[in-house]
Amino acid sequence: MIDPAFGPEVSAARARVPEATLREWLALALAACDTADAIALEHFRRDLVLERKPDRSFVTIADQGIERELRSRIRAAYPDHGLIGEEYGTDDGDAATRWYLDPIDGTHNFIRGVPLFGTLIGVEHEGELQVGVISAPAMGERWYAWRGGGAWNRGPAGERRIRVSAVGAVEDAQLVYGSVRENVESGLFPGFEALLTQAWRDRGFGDFWGYALVAEGAAEAMMETGMHPWDLAGPLVVIEEAGGQVTDIEGERRIDAESFVGSNGILHAELLRRLRATE
C-alpha cells in the first residue's frame, strides 16, 4: 500500500530527537566527509590497488581508508552508536542510533577516473532516518538534510536550499536510473523499458547522482535495483526533506529492499503503476 503522505511537513514530523541533536549529528557527518573527500581525491586518477569482494564487486584502498576514518570519528564522539558500513559490516546493530556508511558510492566510476562518486552517510534513530549527507569531492558539491531543516546543496556557488520539481505528468518528466540492463534483468520493474519510451527524457545518471538530481528538481525520478541500505540511507533523507517521496516498487518506504524509486512525490504512484505493468 502506497503511503500518500509526502512533503517537507511530513518529513519534519519524522524527527525523533531535538533539532540541536540533529545539527550535532549533521556537523559530525559533514566534518567526517571533509576528511573522506581528501582521502578520495588523494587516490582519484592514480594507480589504485584493487581487490574483489566475495560478490565480485571491486573495493579500493580508498574505500577501506575512508570507512575506517568515518568509523573512528563516530566512535570517538558516540561510543554507544551503531555502525553499518559497506566495507566493515555492522557493529552494535541493536543500538538506538545507527550510522550507515558508504565510503565510495560509485566505485566503478572512481576506478575509471569518472568524477561521479561520493561518500554517503545516513543517521537513524529508533528506526527512522534523521540525517543524510552526500559528498561528491571531484564535483566540488555536497548535498545534506536533516529532519525539519530542509535539503541543501553546497557547491562552487555557495549554499542553497533545494526542492523537488513540480512536474505532474510522466510525459513531461526526466527519468534517471543506474543501469537499464540491471533494472530489466532484475525482473522487479517489468514496465521499465516501456516507461522510458513514455517519458519526455531519460538518462543513465546512476548512483548518488540520480538521487541528487531528483532532490534538486532536475529530474523527476530515480529508479534502481540491487542496492544496499548504505546506498540509500543518506539519499532518502535528502529527497524527503526536498519534498519528494521514496519507496520500493511495492510502495513500501524502506532501504533494505531490492528496488528503490525516489521521485518528486507528485508522480510517485503513477510511476510505480507503470513500472509494475506487464503489458
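In this text the structure is predicted, and so the values were computed from the model without any measurement. (Residues numbered from 1 in each chain as written. Predicted model: local features only at pLDDT ≥ 70, side-chain atom pairs only at ≥ 80, totals over all residues. Heavy atoms only, no water.)

The end-to-end C-alpha separation of helix α8 (residues 229-241) is 18 Å, in line with the 18 Å expected for 13 residues at 1.5 Å each. Among the 13 residues of α8, 12 are classified as buried, and the element is accordingly described as predominantly covered. Buried within α8 are the following residues: Trp-230, Asp-231, Leu-232, Ala-233, Gly-234, Pro-235, Leu-236, Val-237, Val-238, Ile-239, Glu-240 and Glu-241. After α8 finishes, the residue Gly-243 shows a positive phi value of roughly 105°. (Helix = DSSP H or I, 4+ residues; strand = E, 2+ residues; numbered from the N terminus. Expected span 1.5 Å × (residues − 1). Buried < 20%, exposed > 50% of the residue type's maximum accessible area, 1.4 Å probe, protein only.)

So, on to helix α9 (residues 268-276). Listed in full, the buried residues belonging to α9 are His-268, Leu-271, Leu-272, Arg-274 and Leu-275. The buried residues of α9 occupy one face: seen down the axis, they fall within an arc of 165°. Tucked inside the fold, the buried residues of α9 contact β11 (174-177), α6 (192-198), β13 (221-225), β14 (245-247) and β15 (259-263). (Arc of directions from axis to C-beta. Contact = heavy atoms within 4.5 Å.)

Looking now at the pairing of β13. By the criterion of burial, β13 is predominantly enclosed, with five of the five residues buried. Of the two faces of β13, the one lined by Ala-221, Met-223 and Thr-225 and the one lined by Met-222 and Glu-224 are each fully buried. With three bridges connecting them, β11 and β13 associate as parallel partners. Along β13, the bridge assignment pairs Val-176 with Met-222. The pairing of β13 with β15 spans five bridges and is antiparallel. The residue bridging Glu-224 from the neighbouring strand is Phe-260, located in β15. (Pairing = 2+ DSSP bridges.)

This part is about the side chain of Arg-14. If you trace the backbone, Arg-14 turns up in the loop between α1 (8-12) and α2 (19-43). Residue class for Arg-14 comes out buried when judged on its relative accessible area of 12%.

Under the definition given, this model contains nine aromatic pairs. Ring geometry for Tyr-211 and Phe-260: centres 5.5 Å apart, planes at 75°, overall edge-to-face. Here Phe-260 lies in strand β15 and Tyr-211 lies in helix α7 (residues 207-216), a separation of 49 residues in the sequence. Residue Phe-260 is classed as buried on the basis of its relative accessible area, which comes to 0%. These aromatic residues form a ring-pair network of at least three members: Phe-44, Phe-110 and Phe-117. (Phe/Tyr/Trp six-rings, centres within 6.5 Å; stacked < 30°, edge-to-face > 60°.)

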